[in-house]
Amino acid sequence: MSQLSKYPALANLEKQTSVPKAYAVLGLGALYFFLIVLNLGGSLLTNLAGFVIPGYYSLAALFTANKADDTQWLTVSGRADSWPTIRRVHADRFTVLGCVCLFHVRPAATVRPWAVN
């Protein structure tokens with residue numbers, strides 16, 4: 001509970017709605033989880049969790065005097081940002097491989113009927 005007290009936005013939310021901070025955080029977490037499970041904006045929400053949040057913390061770490069947090073957060077954001085690129089490269093590779101197999105594995109009569117005598 002004391003961890004949530006250091007965020008003024010949650011304190012304001014608790015004053016305005018009279019909902020305890022812990023319940024608000026749990027409710028938002030459950031809403032986020034179910035939106036991803038039901039795939040309602042899943043791509044946007046997962047990109048937010050995987051790209052925007054580590055990017056924000058890595059930039060915030062760069063402006064501190066401590067160098068240890070720079071290394072930690074830049075490593076996290078580098079790994080988080082590289083996965084979508086790797087996934088896209090593999091998807092493109094399998095698309096190209098499927099097109100090549102389509103035209104080279106089928107018999108010539110199926111793809112090019114004019115080539116068969």
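Relevant structure appears above.
Residues numbered from 1 in each chain as written. Predicted model: local features only at pLDDT ≥ 70, side-chain atom pairs only at ≥ 80, totals over all residues. Heavy atoms only, no water.

Caption draft 1: Quick look at the pattern of salt bridges. Summed over all chains, the structure comprises 1 salt bridge. Linking Glu-14 and Lys-21 is a salt bridge whose minimum nitrogen-to-oxygen distance equals 3.5 Å. Exposure remark for Glu-14: the relative accessible area of 25% places this residue in the partly exposed category. The exposure class assigned to Lys-21 is buried, which follows from its relative accessible area of 9%. (Salt bridge = Lys/Arg side-chain N within 4 Å of Asp/Glu carboxyl O. Buried < 20%, exposed > 50% of the residue type's maximum accessible area, 1.4 Å probe, protein only.)

Caption draft 2: The layout of surface pockets, seen in detail. What the largest pocket holds in volume is close to 470 Å³. Around the largest pocket, the lining is made up of 13 residues, and of these Tyr-7, Val-25, Leu-28, Ile-53 and Tyr-57 lie nearest the centre. The set of elements that each furnish at least two residues to the lining of the largest pocket consists of helix H1 (8-17), helix H2 (21-37) and helix H3 (42-62). By residue number, the principal contributor to the lining of the largest pocket is H3, which donates 5 residues. Tallied by class, residues from the lining of the largest pocket come to 12 nonpolar, 1 polar and no charged. (1 Å grid on protein atoms, 1.4 Å probe; cavity = no way out; pocket = protein on both sides within 12 Å on 5 of 7 lines; lining within 4 Å. Points joined across faces, edges and corners; volume = space filled by probe spheres on them. Helix = DSSP H or I, 4+ residues; strand = E, 2+ residues; numbered from the N terminus. Nonpolar A, V, L, I, M, F, W, Y, C, P; charged D, E, K, R; others polar.)

Caption draft 3: Broad picture of the packing of H1 against H2. At a minimum axis separation of 9 Å, H1 and H2 run at an interaxial angle of 105°. Judged on the interaxial angle alone, H2 and H1 are roughly perpendicular. Where H1 approaches H2, its residues Leu-10, Ala-11, Leu-13 and Glu-14 are matched on the opposing element by Lys-21, Ala-24 and Val-25. (Axes fitted to C-alpha atoms, helices over the stretch in contact; angles between N-to-C directions. Parallel < 35°, antiparallel > 145°, perpendicular 65-115°, else oblique. Contact = heavy atoms within 4.5 Å.)

Caption draft 4: The arrangement of the environment of Leu-10 in detail. Along the chain, the position of Leu-10 falls in helix H1. A sequence separation of 15 residues divides Leu-10 from Val-25, and the C-alpha atoms of the two residues are 8.6 Å apart. Non-local contacts of Leu-10, meaning those with residues more than four positions away in its chain, are made with Leu-4, Lys-21 and Val-25.

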